[in-house]
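Below are the chains, spelled out letter by letter.
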Amino acid sequence: MADMLELMKARYQEQVQGLGRLKITHPELGDIYFKPQKAMNASEYNVFLKAAQDLTFESMVDILVLRARKEDGLKMFKPADKNTLMSVVSADDIQTLVNMMFEADGEGEVDAKKS
């Protein structure tokens, strides 16, 4: 019998391959692909859960940085882009994109906490 770790790794790879990427289309920003929640590895899911539970605006930016992908599957934003996203990008655009991702992934809409 195969090693449990190898079985778990193979199962995860099958899940990721079957899920691929989801796509949302913002009327003004165009297509944005993103990694479905079920395709996240444990490390990514941990970051996602912490951000989703916090739901401050900063955590919404963290979710966008974590999930957004280009058409080729590469990350759209780097962690270093977080400050720029926080300071010179419309809060409404970020919240709209994150909500579109949640809705497309079947997670429902979210609102940042008012602080």
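Quick note: structure is the one above.
Computed from a prediction, not measured in an experiment: that's the story for all the values here.

## A few points about the pairing of strand β1 (residues 22–26)
Phase 1 of the analysis: Across 5 bridges, the pairing between β1 and strand β2 (residues 30–34) is antiparallel. Counterpart to T25 in the pairing with β2 is D31.

## Some words on the packing of helix α3 (residues 57–67) against helix α5 (residues 91–104)
Phase 1 of the analysis: Two numbers describe how α3 lies on α5: the axes approach to 10 Å, and their chain directions differ by 60°. Looking at the two axes, α3 sits oblique to α5. Crossing of α3 over α5 shows left-handed handedness. Here α3 contributes F57, M60, V61, I63, L64 and R67 to the contact with α5, which in turn contributes A91, I94, Q95, L97, V98, M101 and F102.
Phase 2 of the analysis: When its residues are assigned to classes, the contact of α3 with α5 shows 11 nonpolar, 1 polar and 1 charged.

## Description of the sheet that holds β2
Phase 1 of the analysis: Strand order in the open sheet made by the 3 strands is β1-β2-β3, with antiparallel pairing throughout. Strands at the two margins of the open sheet, each flanked by one partner only, are β1 and β3 (68–69).

Calculation criteria
- Residues numbered from 1 in each chain as written.
- Predicted model: local features only at pLDDT ≥ 70, side-chain atom pairs only at ≥ 80, totals over all residues.
- Heavy atoms only, no water.
- Pairing = 2+ DSSP bridges.
- Helix = DSSP H or I, 4+ residues; strand = E, 2+ residues; numbered from the N terminus.
- Axes fitted to C-alpha atoms, helices over the stretch in contact; angles between N-to-C directions.
- Parallel < 35°, antiparallel > 145°, perpendicular 65-115°, else oblique.
- Left-handed = near helix turned anticlockwise from the far one by under 90°.
- Contact = heavy atoms within 4.5 Å.
- Nonpolar A, V, L, I, M, F, W, Y, C, P; charged D, E, K, R; others polar.

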